[in-house]
Structures are given as C-alpha cells and as structure tokens.
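# Architecture at a glance
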Amino acid sequence: MVKRGEEEKIKRILTDPKLSGIKAMLEKDHAIDCIFLLHMSRGKWKEAKEFMRNNGLTLSDGTFRARMIEIEDLGLAKSERIDPLKKYYVKTELGEKIAKLLLEIFDKLGA
C-alpha cells in the first residue's frame, strides 16, 4: 500500500502544471537523450548527431529540434542564435539538476 504522503506527492506531480509538463516531456521519444546531450554541452545539432552516431545511436534532426523546443519551453535549456536559422541550446540550472537526477537514477539501476 502506498503511504499517504507518497500519494500526495504523486498527485502533485500529475496535477502541478510545471511538474506534469516535465513528466509529459520525459515520456516522449529521445527526451532523456536530449537532456543528456545538453548535460554534455552538445546542444548544437551537429555535435549531437556526431555523438549519437559515434555511439551507434540514432536521432533525427526533427526529433532533436522538437525535444529541444519543449525542453526550452519548460525552462530546462535556453537557446542562443547561431544564425537566422540555427540555434545552439545550453542547459539551465534546472536542466542540470534534472540531468544529474536522471544520471543518479540510472546509476542506481545499474548497481
């Protein structure tokens, strides 16, 4: 049985606009990949693509851009213009916090 305090925490995550927005974004394809790319300062498409390919992973530019826009809208990253068509994304303090928490989760799962 779930403790009352845990149930309240879950209810808050599911109903709080900011937390439910982060939860919804994390559920999407390649969201965690993009958070980790930001954590490694690979917020430019060329750098992200190179990292993914070097590790035998795939990530389309459309998915990368869509996730980065959502991540930015949630305050986990901010964009900087490279030229009129291209942006470079950098993590914010909140984005870094989430990346570290995700790393901790996966580290504990692998232990």
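So, here is what we can say about the structure in this document. (Residues numbered from 1 in each chain as written. Predicted model: local features only at pLDDT ≥ 70, side-chain atom pairs only at ≥ 80, totals over all residues. Heavy atoms only, no water.)

## Topic: the pattern of salt bridges
Selection rule: The term salt bridge refers to a pairing of a side-chain nitrogen on Lys or Arg with a carboxyl oxygen on Asp or Glu at a separation within 4 Å. Helical segments are the DSSP runs of H or I of at least four residues, strand segments are the runs of E of at least two, and each set is numbered from the N terminus. Type-normalised accessible area, obtained with a 1.4 Å probe on protein chains alone, sets the label of each residue: buried when under 20%, exposed when over 50%, and partly exposed for intermediate values.
In the structure shown here, the tally under the stated rule is nine salt bridges. Two residues, Arg 4 and Glu 8, come together in a salt bridge whose shortest N-O distance is 3.3 Å. Within this pair, Arg 4 and its partner Glu 8 are both found in helix α1 (residues 4-15), separated by four residues, close to a single helical turn. Residue Arg 4 is classed as exposed on the basis of its relative accessible area, which comes to 57%. Where Lys 11 meets Glu 8, a salt bridge forms, and the shortest distance between an N and an O atom there is 3.5 Å. In this pair, Lys 11 and Glu 8 are both assigned in helix α1, three residues apart and thus about one turn of the helix distant. A residue is classified by how much of its surface remains accessible, and Lys 11, at 41% relative accessible area, is partly exposed. Because the salt bridges share partners, they merge into one network encompassing Arg 4, Glu 7, Glu 8 and Lys 11.

## Considerations on the nonpolar core
Definition in use: Residues grouped as a nonpolar core are buried Ala, Val, Leu, Ile, Met, Phe, Trp, Tyr and Cys residues, joined through side-chain atoms within 4.5 Å. Any two residues whose heavy atoms approach within 4.5 Å at even a single point are treated as in contact.
Grouped together as the largest cluster of nonpolar side chains are 20 residues, with contacts concentrated most on Ile 35, Leu 59, Phe 64, Met 68 and Ile 71. Mapped onto this core, the elements with two or more residues apiece are α2 (17-26), α3 (31-39), α4 (45-54), α5 (61-73) and α6 (93-110). Of all the elements, α3 adds the most residues to this core, at five residues. Discounting chain neighbours no more than four positions away, the residues touching Phe 64 are Cys 34, Leu 37, Arg 42, Gly 43, Lys 44, Trp 45, Ala 48 and Leu 59.

## Remarks on a nonpolar patch on the surface
Applied cut-off: Each patch groups residues whose relative accessible area exceeds 30% and which form no salt bridge, using 9 Å between like charges and 5 Å between nonpolar side chains of Val, Leu, Ile, Met, Phe, Trp and Tyr. Only the protein chains shown count as covering a residue, and every accessible area follows the Shrake-Rupley method with a 1.4 Å probe.
Judged by side-chain polarity, Val 2, Ile 10, Ile 13 and Leu 14 come together as a nonpolar surface patch covering roughly 340 Å² of accessible area. Tracing the backbone shows Val 2 in the segment before α1.

## A short note on the pairing of strand β2 (residues 87-91)
Rules: Any two strands between which DSSP finds at least two bridges are classified as paired.
Inspection of the sheet shows strand β1 (residues 77-81) paired to β2 by five bridges, in the antiparallel sense. Counterpart to Ala 77 in the pairing with β2 is Lys 91. Counting the residues between successive antiparallel strands, the hairpin from β1 to β2 contains five residues.

## Brief notes about the side chain of Glu 70
We count it as follows: Throughout this description, a polar contact denotes any pair of N or O atoms lying within 3.5 Å of each other; where both atoms belong to protein, one of them has to be capable of donating a hydrogen while the other can accept it, and for residues adjacent in sequence the pair is counted only when both atoms sit in side chains.
The residue Glu 70 is located in helix α5 in this model. Engagement of the side chain of Glu 70 in a polar contact is seen with the side chain of Arg 67, the distance being 2.7 Å. Ignoring anything within four residues of it in the chain, the contact list for Glu 70 reads Met 25 and Lys 28.

From the geometry alone we can't say anything about function, so treat these as descriptive.
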